[in-house]
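# Inside the fold
Okay, here's what each chain looks like letter by letter:
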Amino acid sequence: MRAKLPHTTGVVDRDGIGIHYEVYGEGEHTILFLPTWSLVHSRIYKAQIPYFSDHFKVVAYDPRGNGKSDRPATKDGYTLDHSVADAVAVMDATRTDKASIFGLSYSGLVGAALAANHPERVSAFIAISANTPLVPPYEYRKPEAFNAKRETHEGWDKYNRYYWPENYADFSEFFNKQIFTERHSTKQIEDGIAWSSEGDGEMLVMTIDSREKGKLAVNEDMYRKIKCPVLLIHGEDDAVAPTATSKKIAELTDSELHTLPGAGHAANARFPAKVNTLMRDFLAKSLGTWRPQKAPSKLNGEKRALYLSSPIGLGHGRRDIAVTRELRKLHPDLKVDWLAQDPVTRLLEASGETVHPASGLLASESAHIEAECGEHDLHAFQAIRSMDEILIRNFMVFQEVVEQQDYDLVIADEAWDVDHYWHEHPELKKSKIAWFTDFVGWVPMPEGGAREAFLTSDYNEEMIGHIESHPELRDRSIFVGAPEDIVPMSFGKDLPMMRDWVPKHFEFSGYIIGQHPSEFDMRDDLRREFGYQPGEKVCIVTVGGSGVGNHLIRRILQAYPIAKRQRPELRMIVITGPRIDPASLNAPADVELMSFVPDLDRRLAACDLAVVQGGLTTCMELAAAGTPFLYFPLRNHFEQNFHVAHRLDRYGAGRRMSFADSNPDQIAAAMVEELTFTGASKPVESDGARRAAAMLADLL
């Protein structure tokens, strides 16, 4: 799912060639993203467009030869003159009189030509790894190498006119790996290969052959004509364009130049948090455009925390509220702002908590998860990987908040984006941070084979490197559980065992229940509160706060009449969550449907049986209450199938079921059996929230 969609799209015709453009956001100032080399299209800017369109009008368009733009049939259709004229035409079509322009690689040259020859249209020029013919390219990219006939093509010999037409896919894979020379760039490489597949080798050869065909003169005088503010960014490990290109342009234009250690050719994609911040601050300094403004100073003695609660599952919200209540006992003056998404915001508001207004800018992670799921199937690891566009958008929202307000502490409950980008760029850290999680380590699903095993290891290795390289960044790392809850598995090939590594880098709070059932009223009183009648057996079906559980609910509804025939006293209540429409389920007339209840934990403690997905928080609430339950881990969901299942086995809680192998008759039989269950699971600790709050209190 994309972080933001355009509000306007169109095609401008230039001499019979259609150039597809998109417009995002509103604002007095416009940013125009110039397409780079036709190898890829405008999605290369997916980490910039959603964020900047919150504050600017943003225009992007696809290059000739890729994306939704047309493919000229001759090399004369790909000249620099056409590229500059396309930009002007798109500006005219979108009623953009003047804009700050952003170029990457080849479009760094396009942007320079645009700023020099149309100065009235350009207010500022920003370029990453800018291309310029004024500096010789690397030997392997010189014309002699490109035009050489070879019997074999290995490495950079693939950058060759005779290789591309018949071996375009292989060249694309090779070249994208040269664009992203940084370690742990698997997702960026995959994206580049996918976008490259919309072009072809013949077209790409024409783009090279056209470089000398235009009428625009590219020389030092052209660069000296640029009078607008210029920002240049270049990775020091760029294998495609030497840093000398940006240094030469800076010399001729009196630019602001940033070279990024460890960065390759497309830093906007690989290190977007750094690039976005540099770009935002440059425009603000040069043009007076938007940037976060500091809020008034806090009152003397006031303590303020920003709480980030994971939107995937309401159980996170309940445990985070419990921690906050305990923390306020230790710091009665503490003010807590919550940066959260629906449906967690509903729970927070029902609990009287303060939701930060910036929460409304967050892209929906729950909606993305739903878009990724199949029939009771969610490949959680791949869903997180494909959520990169949403995560960088939401990180930038968070970063604005902490730049505007002085917080004494950020409490991050599985806020993966914040943890990742602050570790990548420790200079962005603005306050102390406490990190909460109930699992550590991506785990490959067996069906994913060797490729998924490699990817999960790569992600784990990056996480381990972040933490070991910057042990000071997290002011406290809290594992929600005990050391025994860590799965006895390895992080991957040549990586440590999880049980060896995690205790060295985390403290353990014990499990955190939103409100422990031991604090509830007596069970009979709870049943009377919810209208459960003596003698009836109440079964609650709940699938969490996202819409992923739709298929499970429907199958359980099919099982209900079968179980009802065997146990006439059975009463079923289905809590769909706020993202599933109860009316869409066609439930039997005697099944009660509810969309959202803020006190689900109390209802689970009062019922006789629950049927749920494999989410940890709900399962552990049931374990703590001693309520029998069936749980159905989502297929391909590594956390539910490994981390959660291991923990529930340790507590002796719940009966694991396979959705794929369970028809309505089998589910009904299991429900009837569990209604007679007389065993007991291991007690769940009741002081987790208090222990966690004590760890946080030290930081305040």
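I will try to describe carefully the structure that is included in this document. Owing to the predicted nature of the structure, the values given are computational and were not obtained by experimental measurement.

A separate point is the overall build of the protein. Looking only at helices and strands, the protein has 26 helices and 21 strands in total. For 700 residues, the compact-globule formula gives about 27 Å, and the C-alpha radius of gyration of the protein, at 28 Å, lands near that figure. Projected onto the principal axes, the alpha-carbon positions of the protein cover approximately 90 × 60 × 50 Å. Here the protein, with 700 residues, has 63% of them falling under the buried criterion. Partitioning the contacts of the protein with sequence separation of at least 6, the portion at a separation of at least 24 is 73%. In the structure as shown, the protein presents an accessible area of about 26,500 Å², 49% of it carried by carbon and sulfur atoms. The distance from the centre of the 78 positive side-chain charges to the centre of the 101 negative ones in the protein is 1 Å.

Right, let's get into unusual backbone geometry. Pro 343 follows Asp 342 through a cis peptide bond whose omega is 10 degrees. When you line up the elements, Pro 343 lands in the loop between β10 (334–339) and α13 (344–350). For Glu 414, which is not a glycine, the phi torsion comes out positive at approximately 50 degrees. Along the chain, Glu 414 falls in the loop between β12 (409–413) and α17 (416–424). The buried category is assigned to Glu 414, whose relative accessible area is 7%. Its identity as a non-glycine residue notwithstanding, Asn 586 has a phi of 50 degrees, on the positive side.

So, on to the side chain of Arg 318. Mapped onto the fold, Arg 318 is located in helix α12 (residues 314–330). Since its relative accessible area comes to 8%, Arg 318 is described here as buried. The residues touching Arg 318, leaving out its near neighbours within four places in the chain, are Leu 347, Gly 514, Leu 600, Asp 601, Thr 618 and Glu 621.

Glancing now at the packing of α12 against helix α26 (residues 688–699). Packing of α12 against α26 brings their axes to within 8 Å, and their N-to-C directions diverge by 55 degrees. Taken together, the axes of α12 and α26 are oblique relative to one another. In this structure, α12 meets α26 at a crossing whose hand is right-handed. Along its contact with α12, which presents Ala 322, Val 323, Glu 326, Leu 327 and Leu 330, the element α26 presents Ala 689, Arg 690, Ala 692, Ala 693, Ala 694, Leu 696 and Ala 697.

In terms of residue burial, strand β2 (residues 17–24) counts as a mostly covered element, since eight of its eight residues are buried. Neither face of β2 is left uncovered, since the one carrying Ile 17, Ile 19, Tyr 21 and Val 23 and the one carrying Gly 18, His 20, Glu 22 and Tyr 24 both have all their residues buried. By the bridge criterion, seven bridges tie strand β1 (residues 8–14) to β2 in an arrangement that is antiparallel. Each residue of the ladder has a partner; that of Gly 10, found in β2, is Tyr 21. Linkage of β1 to β2, two consecutive antiparallel strands, is achieved through a turn of two residues, within which Asp 15 is found at a positive phi near 55 degrees. Alignment of β2 against strand β4 (residues 57–61), held across four bridges, turns out to be antiparallel.

To continue, consider the packing of aromatic side chains. A complete count under the given rule lists 36 aromatic pairs for this structure. What links up through ring pairs into an aromatic cluster is the set Trp 37, Tyr 138, Tyr 140, Phe 146, Trp 156, Tyr 159, Trp 164, Phe 171, Phe 174 and Phe 175. In this arrangement the basic side chain of Arg 270 is found over the ring face of Phe 271, its NZ or CZ atom lying 4.9 Å from the centre. Sitting above the plane of the Tyr 651 ring, Arg 650 keeps its charged end 4.7 Å from the centroid.

With respect to the secondary-structure elements, Pro 598 resides in the loop between β18 (592–594) and α22 (600–606). Distance from Pro 598 to Tyr 51, taken between C-alpha atoms, is 32 Å for residues 547 residues apart in sequence. Non-local contacts of Pro 598, meaning those with residues more than four positions away in its chain, are made with Leu 347 and Ala 350.

Turning next to the layout of surface pockets. In this model, the largest pocket occupies a volume close to 740 Å³. Around the largest pocket sit 28 residues that line it, and Asn 131, Pro 133, Pro 143, Arg 211 and Glu 212 are the ones nearest its centre. Contributions of two or more residues to the lining of the largest pocket are made by α2 (80–93), α3 (106–117), α4 (143–147) and α7 (201–209). Top element by residues in the lining of the largest pocket is α4. It accounts for three residues. Here the residues of the lining of the largest pocket sort into 16 nonpolar, five polar and seven charged.

So, about the nonpolar core. By size, the foremost hydrophobic cluster in this structure holds 145 residues, and its most contacted members are Leu 32, Trp 37, Trp 164, Phe 395 and Phe 398. Counting residues per element, this core draws most heavily on helix α16 (residues 388–404), at nine residues. Beyond its immediate chain neighbours, meaning those up to four positions away, Phe 395 contacts Ala 273, Asp 417, Val 418, Tyr 421, Trp 422 and Leu 428. Ala 305, Ile 321, Ala 340 and Ala 624 belong to the second-largest nonpolar core, a separate cluster that totals 61 residues.

On to the environment of His 55. Summarising the element assignment, His 55 is placed in the loop between α1 (49–52) and β4. In the structure, His 55 is positioned 29 residues away from Glu 26 in sequence and 7.1 Å away in space, judged by C-alpha atoms. Not counting chain neighbours up to four residues away, the residues in contact with His 55 comprise Glu 26, Gly 27, Trp 290 and Glu 400.

Strands in a sheet are paired, the pairing made by backbone hydrogen bonds, and the direction either parallel or antiparallel. In spatial order, the strands read β11-β10-β9-β12-β13-β14-β15; together these seven strands make up an open sheet with parallel pairing. The outermost strands of the open sheet, each flanked by one partner alone, are β11 (354–355) and β15 (507–508). With four bridges joining them, strand β9 (residues 303–308) and β12 adopt parallel strand pairing. If you follow Leu 308 over to β12, its bridge partner there is Ala 412. Across the face of the sheet, α17 comes into contact with β9 and β13 (432–437) while running at roughly 130 degrees to β13.

Here we take up the sheet that holds β18. In space, the six strands of this open sheet follow the order β18-β17-β16-β19-β20-β21, with parallel pairing throughout. Both outer strands of the open sheet, β18 and β21 (655–656), are each paired with one neighbouring strand and no more. Note that strand β16 (residues 537–542) and strand β19 (residues 609–613) share four bridges and pair parallel. Within the sheet, the bridge partner assigned to Ile 540 lies in β19 and is Ala 610. Set on the sheet, helix α24 (residues 638–651) makes contact with β19, β20 (629–632) and β21; between it and β20 the angle comes to about 160 degrees. The strands that helix α25 (residues 664–674) touches are β16, β17 (570–575), β19, β20 and β21; relative to β20, the one it contacts most, it runs at about 145 degrees.

Below, the discussion takes up α2. Three- or four-residue spacings in an α-helix give side chains the same orientation, since the helix completes a turn every 3.6 residues. The end-to-end C-alpha distance of α2 is 20 Å, a good match for the 20 Å that 14 residues give at a rise of 1.5 Å each. With 10 of its 14 residues buried, α2 lies for the most part within the structure. Among the residues of α2, those classed as buried are Leu 80, His 82, Ser 83, Val 84, Asp 86, Ala 87, Val 88, Ala 89, Val 90 and Met 91. Residues of α2 that are buried in the fold lie against β1, β2, β3 (30–33), β4, β5 (99–104) and α3. After α2 finishes, the residue Arg 95 shows a positive phi value of roughly 55 degrees.

Rules used in this analysis
- Residues numbered from 1 in each chain as written.
- Predicted model: local features only at pLDDT ≥ 70, side-chain atom pairs only at ≥ 80, totals over all residues.
- Heavy atoms only, no water.
- Helix = DSSP H or I, 4+ residues; strand = E, 2+ residues; numbered from the N terminus.
- Rg over C-alpha atoms; globule rule 2.2 N^0.38 Å.
- Buried < 20%, exposed > 50% of the residue type's maximum accessible area, 1.4 Å probe, protein only.
- Contact = heavy atoms within 4.5 Å.
- Areas by Shrake-Rupley, 256 points an atom, 1.4 Å probe, with all protein chains shown as cover.
- Lys, Arg positive; Asp, Glu negative; His and termini not counted.
- Charge placed at Lys NZ, Arg CZ, Asp CG, Glu CD.
- Axes fitted to C-alpha atoms, helices over the stretch in contact; angles between N-to-C directions.
- Parallel < 35°, antiparallel > 145°, perpendicular 65-115°, else oblique.
- Left-handed = near helix turned anticlockwise from the far one by under 90°.
- Pairing = 2+ DSSP bridges.
- Phe/Tyr/Trp six-rings, centres within 6.5 Å; stacked < 30°, edge-to-face > 60°.
- Lys NZ or Arg CZ within 6 Å of the ring centre and 35° of its normal.
- 1 Å grid on protein atoms, 1.4 Å probe; cavity = no way out; pocket = protein on both sides within 12 Å on 5 of 7 lines; lining within 4 Å.
- Points joined across faces, edges and corners; volume = space filled by probe spheres on them.
- Nonpolar A, V, L, I, M, F, W, Y, C, P; charged D, E, K, R; others polar.
- Core = buried A, V, L, I, M, F, W, Y, C linked by side-chain atoms within 4.5 Å.
- Expected span 1.5 Å × (residues − 1).

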